[in-house]
Amino acid sequence: MASATPLSAVNPPSSPSQAPAEKPSAPPVNILPSQLAKVYSYVHPVLLLTLCAARFQALVQDTVQELLRDLPWLALLQISYVVLCLPPAGSTQAIEAGSDGEEKKKAAPRSPSSPAVALRPGKPGYRRKQHTGKHDWSGAWAKLMPAFLSLTLTSLLATPILAVLLVLFGAPLTTHNPETVLCAAHMALLSATALVYVHGVDGYVWKEVWGIARPVDPVWGSALGTGLGAWFGAIPIPLDWDRPWQAFPITILVGAYIGYALGSLISRTPLLYGKRIQFVPTETEETEKKTN
Amino acid sequence: MVILQCGWATLFANLLLPVGILIFSSGFFPYKPLLPGLATFNEIDRNATSPVFDKVIFMVVDALRSDFVYSNESGFLFTQSLIREGAALPFTAHASSPTVTMPRLKAMTTGSVPSFLDVILNIAESDTSSTLAYQDTWLAQLKARGDQLVMYGDDTWLKLFPGMFDRADGTTSFFVSDFIEVDRNVTRHVPHELARSDWSAMIMHYLGLDHIGHKSGPKSPFMASKHQEMDAVVNEIYTAMQQKSHLQSTLFVLCGDHGMNDAGNHGGSSAGETSPALLFISPKLQALGAQLQSPIEQLDDLQYYQTVEQADITPTLAGLLGMPIPLNSLGVFIPEFLDMWDSGAQKLHILGRNAQQLLNTIKATFPNSAFDDDTIASSCASGADSGIEGAQCAWAQVQQLRSSNISADEAFSMIGPALMRFSRVAQDVMSSTASNYDVSRLCLGLMVTAIAVLLVSRTVFHECTRSAHTGVFLVFMIIGYGSMMFASSYVEEEQQFWYWIWSGWMFYLHIRFEASRLSSRSTAGSPPARYAALATLGLAISQRFLRRWNQTGQKFAAEPDIARKFFPGHPAVFWGLVILTYVDAGRHLFKSLPSVALLRLSALVLTALAFMFKVNFAAADSPELLIDSFISRAVGTWPDSFSLVWQARLVFGGLACYVLLAFFIQKRSGNARTPSTLFHEALNLFLMMQSRATNIPLFLVFRVQAMILSAMSLEGIQVTVTTLILQYMTFFAFGGSNAISSVDLSSAYNGIGSYSVILVGVLTFVSNWAGPIWWASMSNLLRPQRDSGVHSPAALSTFHIAASLVSVMAACTALRTHLFIWTVFSPKYLYTIAWATANHVAVNMLGGIGLSYLPARK
């Protein structure tokens, strides 16, 4: 993975030469403005880390059993986090619009004026109305539907994809298959639940995710953190300490949890929020270089 | 001109690298003061003890691990019966690292602990500076007495002791697959030598068991019959000793020079490698009444019976044969044999002589330490029981006891233990201080190399700032690699780092690639973009294969992999892949040649010849790959007209013609790429010649990777980083590691009839660094043509190699008292020298210059 690059060398995203219309990208998604959401969004990563630390011994002793046992709890935690703290798919625009005039306009100048491609294009207006209104049944339904969708997609799509990625990054293929799949399931719950909940099946967003080109926000930051953490988690495995926790998925999973928490916390600092990693020099930069 | 492009700084840096290496090495590799000449008896010594034996039969079975003889899975049934009768005294002889044959033979004959430098000399076998012709050994002592010596077996003995033997027949271990002939060549001499009485030492060195180990490990199905074969030799000799009068007082020593690990290799310091068996056999030994139990249950630590040092063989033999102990011996007389003498005075004299000789070597090594009565108080007061103070104290106690009035009867029981204690402490002191580092030289070497780093750092800084992310990644990689050198397990498992960093780099390439696709989506949907999405996926899958091809390192070395587990079980798949690789190589060579029918035909013929050579070589070197395969049936029908040497020479000659052709056609052809492509294809075939058969399909994987990489149209600096990582990664994928035991010598003699240091050295390097060389040449093809003026790959790779040299040197300096310094860090240093001089300076730099001549001028 790109190592330190995503965090250390972020270019300022706004460049006037790039017309936003060319990139109909979904804007960064922040935590919902309500008090409960803000508080819980800080509690949640800490809670996950505590869970990870509390179950560590059991994880070392019987990895497969423990991973399996923790899976529903992790799913529950992730779902309650996204429902409590994040805007569901299609309502992104509403949130952005609703919190207009606040600091976000400065922090995220990239948010385009054109409408975001949403899950069901007809609904944002309807949702916005619902959202500004009281929390009634349909409001809950609007949140539970994406939550259900995200759980389904996470388990059906993200888990196998992550399992394949794990193997490609060096996980054993001929042995430890249950461990790999369960590790992928945990990582999928950590990274994909919020992404699916917030973005639905917006093709362009997922292309950006695949190309690591999303603007930084807590959702994307925690997902990237999960992957990076897992990558760095492989470091202690070759050491000759002969500790049982050096066995294959444990360090990687712990790294993923830590990466998730760090990514989720760091990405909402004003320094990073909304910024994009600029990998390909833009046309203007390139011509500048040539003239130099 | 790659180097001149990037300026004199890089050139100077590359000149400084060998200088730094030389200075550091001169301070790092210990120089031990050797006492010259032969030990002699004075008048008292000569008459004090009577020799117990007058002849010795010294039978070395290469890699005879202790459990091969002692455990209940052993085939040495007769030998075990001798242990039960008490006619054989069994020991486990600790062989210190490096556990390769030549240093071990030195230890067993001189009684000293050989320096680490002997490992290199073990590989450069014929080096004459490593002979023991001028050193004091028990063989030299026998020779000085006017006795005759005979030798059969491994010709290492002949190289170590030129002119020592009156009759000898050396065998070379050319093909490790030869389990039978090497040993038959030794055994056939045994009967008539046993019939003669003119020798007083017969040395035999059997190689077959080691070959089986290298080939298929200690649990090989061939092991049992080899045990029985060796046991039969023991039986034959023991029977002769009982029956023939001139062998009445003969001592028969059966020992291994080293053991083997679970993979069947040796060179390191695991329990398996350092625990060979050692048995002293004679009907006379029954007098000692040691009737030990045998066989014994399999032990995990392999320490059967009593563990002694391998160096202890020398003083024990000297004592039993009534000779002076060789001057530089660090051995301690094995006390079990003291009861071969009746009187306490004689026993005491044996121990006293041993202690006195050790004291002399200590005094030579520590000229500043006094061993007189004055030191009693100071050294013993500090309570030290080890180190030089411990030795001083122990000697002081001996002196004290000697000066006190003890009756002759009690003398042995009082002074004997004190002498033993001193000898043991002295042995410890001398073995651990075998390394006298010259720290100032270490620091100087380190500084010179650091200057090389600084020289290129300016260019590298410019490069890095120009392409920010790649630069950050490069710096992260170099820092990560450098800090890794300080942890022994990361050094042992270096391949993990490269696989890991390569996965990160692939991910980075993927991001860059996706980002450019995302940004260019609106402007133009280029047709290759659709497949491009699969590009990094292809890279990832191919690297996953590389990773599993050969398991190396320490921790996971025994896990199943493709080359050693999968292929022997699936010969059809294996040979299919090999044929595919040769077809691919032939096709590319064909296409890269100018369209002259005769030339192009020659490419096909040459490829076919190369393939035939590989098959014939595999049939001789690793026949297990041919069992039950369609190739074996085809091979049977081939005429056996050519020797392997000539086949190899023919292919090498043809390839050399192509390289000459490449230089010739570049003057005429319009396409600048043609000559370097032709060169690369010729090199490709040459590297395949020099690779193990099981590694051949890797070249197909390389081809796929190169195709993907060229489709990604990388920038100059990305090509440099990519090939840098690939060079290291493929080195390990071919089965290399940072352990001396993993040096692959099987292709070192291709096309060579007789030994030649330079040729064998070059071929050995090429066969171990085949992957890095391939990618060095490929980087030239991958590099974009236009920005070659801006980017300087030479500076970047110089920076990397100099920085890694600095970190390895710093690790070796800082950890010079570390337990693993000789087993992990020094081998790593040797490997880094090879990386820096042979791979970097010779292949990357000089090769780069050579290649730049090919396409540049039109």
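Worth saying up front: this structure is predicted, and the values here are computed from it rather than measured.

1. As for the overall build of chain B
Right, so step 1: From N to C terminus, chain B includes 37 helices and 8 strands.
Right, so step 2: The contacts of chain B with a sequence gap of at least 6 include a subset with a gap of at least 24, amounting to 78%.
Right, so step 3: Of the accessible surface of chain B, which amounts to about 32,600 Å², a share of 61% is contributed by carbon and sulfur atoms.

2. Points about the overall build of chain A
Right, so step 1: Per the secondary structure count, chain A includes 13 helices and 0 strands.
Right, so step 2: For chain A, the sequential pattern of α-helices and β-strands runs α-α-α-α-α-α-α-α-α-α-α-α-α.
Right, so step 3: For chain A, the share of sequence-separated contacts (at least 6 apart) that also reach a separation of at least 24 residues comes to 82%.
Right, so step 4: A total of about 13,800 Å² of accessible surface is found on chain A, and carbon and sulfur atoms cover 68% of it.

3. Re the UniProt feature "transmembrane region" (unreviewed entry) in chain A
Residue and element names in this part refer to chain A.
Right, so step 1: In the numbering used here, UniProt assigns the "transmembrane region" (unreviewed entry) feature to residues 147–169, 181–200 and 247–266.
Right, so step 2: Helix makes up 96% of residues 147–169 and strand 0%. Its end C-alpha atoms lie 30 Å apart.
Right, so step 3: Along residues 181–200, the helical share is 95% and the strand share 0%, with 24 Å between the first and last C-alpha atoms.

4. Details of the environment of B:G256
Residue and element names in this part refer to chain B.
Right, so step 1: Within the secondary structure, G256 is located in the loop between strand 6 (250–255) and helix 14 (271–274).
Right, so step 2: Separated by 286 residues in sequence, G256 and S542 place their C-alpha atoms 42 Å apart.
Right, so step 3: Excluding anything up to four places from it in sequence, G256 contacts V61, L64, M108, P276, A277 and Q310.

5. Remarks on the packing of helix 32 (residues 697–711) of chain B against helix 33 (residues 716–733) of chain B
All names here are of chain B.
Right, so step 1: Running from N to C, helix 32 and helix 33 point in directions that differ by 165 degrees, and their axes come no closer than 13 Å. Viewed along their axes, helix 32 and helix 33 adopt a mutual orientation that is roughly antiparallel. Classified by chirality, the crossing of helix 33 by helix 32 is right-handed. Contact residues: helix 32 offers L698, F702, Q705 and L709, while helix 33 offers T722, L726, T730 and A733.
Right, so step 2: By residue class, the composition of the contact of helix 32 with helix 33 is 5 nonpolar, 3 polar and no charged.

6. What about helix 11 (residues 218–233) of chain A?
Residue and element names in this part refer to chain A.
Right, so step 1: The end-to-end C-alpha separation of helix 11 is 21 Å, in line with the 22 Å expected for 16 residues at 1.5 Å each.
Right, so step 2: Counted residue by residue, helix 11 has 15 buried out of 16 residues, so it is predominantly covered.
Right, so step 3: Capping of helix 11 at its N-terminal end is provided by D217; its side-chain oxygen lies 3.0 Å from the backbone amide nitrogen of V219.

7. Brief notes about the side chain of A:T154
Right, so step 1: For A:T154, the location among the structural elements is in helix 8 (residues 137–168).
Right, so step 2: We classify A:T154 as buried; its relative accessible area is 1%.

8. Regarding the packing of aromatic side chains
Remark: the centre distance and the inter-plane angle together describe each pair of aromatic rings, the angle taken between the planes.
Right, so step 1: Scanning the entire structure with this criterion turns up 55 aromatic pairs over all chains.
Right, so step 2: Seen in terms of ring centroids, B:Y70 and B:Y305 are 4.9 Å apart; in terms of plane orientation they differ by 90 degrees. Their pairing is edge-to-face. Residue B:Y70 is located in helix 4 (residues 66–70), and its partner B:Y305 is located in the loop between strand 7 (277–281) and strand 8 (306–309); the two are separated by 235 residues in the primary sequence.
Right, so step 3: A residue is classified by how much of its surface remains accessible, and B:Y70, at 0% relative accessible area, is buried.
Right, so step 4: Positioned over the ring face of A:Y42 is A:R268, at 4.7 Å from the centre of the ring.
Right, so step 5: Residue placement shows B:K284 over the ring face of B:F53; its charged tip is 5.3 Å from the ring centre.

9. Let's talk about the pairing of strand 5 (residues 201–206) of chain B
All names here are of chain B.
Right, so step 1: Counting buried residues in strand 5 gives 6 out of 6 residues, a clear majority hidden from the surface.
Right, so step 2: Relative to strand 5, strand 3 (residues 149–154) runs parallel, the two being bridged by 5 bridges. Bridging from a neighbouring strand, V150 pairs with M202 of strand 5.

10. Here we look at the packing of helix 27 (residues 571–592) of chain B against helix 32 of chain B
Residues and elements named next belong to chain B.
Right, so step 1: Contact pair helix 27 / helix 32: the axes reach a minimum separation of 8 Å and the direction vectors enclose 50 degrees. Classified by the angle their axes make, helix 27 and helix 32 are oblique. Considering only the axes of helix 27 and helix 32, their crossing is left-handed. Here helix 27 contributes L577, V578, L580, T581, D584, A585 and H588 to the contact with helix 32, which in turn contributes P697, F699, L700 and R703.
Right, so step 2: Of the residues in the contact of helix 27 with helix 32, the class split is 7 nonpolar, 2 polar and 2 charged.

11. Quick notes on the sheet that holds strand 3 of chain B
Residues and elements named next belong to chain B.
Right, so step 1: Taken in spatial order, the 8 strands line up as 4-3-5-1-6-7-2-8 in an open sheet, and their pairing is mixed. Two strands bound the open sheet, and with one partner strand each, they are strand 4 (167–171) and strand 8. Direction aside, neighbouring strands of the sheet carry axes that sit 20 degrees apart on average.
Right, so step 2: Pairing of strand 6 with strand 7 involves 4 bridges; the strand directions are antiparallel. Bridging across to strand 7, C255 finds its partner in L278.
Right, so step 3: Relative to strand 1 (residues 55–61), helix 15 (residues 313–321) is tilted by about 155 degrees, and along the sheet it contacts strand 1, strand 6, strand 7 and strand 8.

12. A word on helix 35 (residues 770–782) of chain B
Right, so step 1: With 13 residues, helix 35 of chain B should reach 18 Å at 1.5 Å per residue; the first-to-last C-alpha distance of 18 Å fits that figure.
Right, so step 2: The buried fraction of helix 35 of chain B amounts to 13 of the 13 residues, a majority that puts the element mostly inside the structure.

13. Remarks on the environment of A:V205
Residues and elements named next belong to chain A.
Right, so step 1: Position of V205 among the secondary structure elements: in helix 10 (residues 203–210).
Right, so step 2: Given the relative accessible area of 1%, V205 is considered buried.
Right, so step 3: Distance in space between the C-alpha atoms of V205 and K275 is 15 Å, their sequence separation being 70 residues.

14. A short note on the confidence of the model for chain A
All names here are of chain A.
Right, so step 1: Across chain A, the average pLDDT comes to 75, with 69% of residues at 70 or higher.
Right, so step 2: Here residues 92–134 is a poorly scored stretch, pLDDT under 50, and it has 42 contacts once near neighbours within four places are set aside; other chains count.
Right, so step 3: Counting contacts from residues 281–292, a segment whose pLDDT is below 50, to residues more than four positions away or on other chains yields 5 contacts.

15. A look at the confidence of the model for chain B
All names here are of chain B.
Right, so step 1: In this model, chain B carries an average pLDDT of 84, and 89% of its residues clear a pLDDT of 70 or more.
Right, so step 2: Note that residues 1–5 has pLDDT below 50 and, in this model, 12 contacts with residues that lie over four places away or in other chains.
Right, so step 3: This stretch, residues 522–527, has a pLDDT under 50; its non-local contacts, to residues over four places away or in other chains, come to 1 contact.
Right, so step 4: Our summary of model confidence lists the complex with pTM equal to 0.80 and ipTM equal to 0.78.

16. Considerations on the nonpolar core
Residues and elements named next belong to chain B.
Right, so step 1: The biggest cluster of nonpolar side chains holds 141 residues, and the ones touching the most others in it are F28, W498, Y658 and Y829.
Right, so step 2: When residues in this core are grouped by element, the largest group, 14 residues, is from helix 37 (residues 821–856).
Right, so step 3: If near-sequence neighbours (up to four positions away) are discounted, Y658 is found in contact with L589, L593, L599, S602, A603, L606, L678 and A682.

17. Re the pattern of salt bridges
Right, so step 1: Evaluated as defined, the whole model comprises 24 salt bridges over all chains.
Right, so step 2: Between A:R214 and A:D217 there is a salt bridge whose closest N-O contact spans 3.7 Å.
Right, so step 3: Two residues, B:D183 and B:K226, come together in a salt bridge whose shortest N-O distance is 2.5 Å. Of the two residues, B:D183 sits in helix 10 (residues 181–187) while B:K226 sits in helix 13 (residues 223–243), which places them 43 residues apart along the sequence. Considered together, B:D183 and B:K226 belong to a single accessibility category, that of buried residues.
Right, so step 4: Each member of the salt-bridge network shares a partner with another, and the members are B:R167, B:E193, B:R196 and B:D198.

18. Section: the pairing of strand 2 (residues 88–94) of chain B
Residues and elements named next belong to chain B.
Right, so step 1: Buried residues dominate strand 2, accounting for 6 of its 7 residues.
Right, so step 2: Relative to strand 8, strand 2 is paired through 4 bridges, and the arrangement is parallel. Following the sheet pairing, F91 is matched in strand 8 by Q306.

Cut-off values and rules
- Residues numbered from 1 in each chain as written.
- Chains lettered and ligands numbered in written order.
- Predicted model: local features only at pLDDT ≥ 70, side-chain atom pairs only at ≥ 80, totals over all residues.
- Heavy atoms only, no water.
- Helix = DSSP H or I, 4+ residues; strand = E, 2+ residues; numbered from the N terminus.
- Contact = heavy atoms within 4.5 Å.
- Areas by Shrake-Rupley, 256 points an atom, 1.4 Å probe, with all protein chains shown as cover.
- UniProt positions renumbered as here; feature names shortened; annotations may be inferred.
- Axes fitted to C-alpha atoms, helices over the stretch in contact; angles between N-to-C directions.
- Parallel < 35°, antiparallel > 145°, perpendicular 65-115°, else oblique.
- Left-handed = near helix turned anticlockwise from the far one by under 90°.
- Nonpolar A, V, L, I, M, F, W, Y, C, P; charged D, E, K, R; others polar.
- Expected span 1.5 Å × (residues − 1).
- Buried < 20%, exposed > 50% of the residue type's maximum accessible area, 1.4 Å probe, protein only.
- Polar contact = N/O pair within 3.5 Å; in protein donor to acceptor, adjacent residues only side chain to side chain.
- Phe/Tyr/Trp six-rings, centres within 6.5 Å; stacked < 30°, edge-to-face > 60°.
- Lys NZ or Arg CZ within 6 Å of the ring centre and 35° of its normal.
- Pairing = 2+ DSSP bridges.
- pLDDT = per-residue confidence, 0-100.
- Core = buried A, V, L, I, M, F, W, Y, C linked by side-chain atoms within 4.5 Å.
- Salt bridge = Lys/Arg side-chain N within 4 Å of Asp/Glu carboxyl O.

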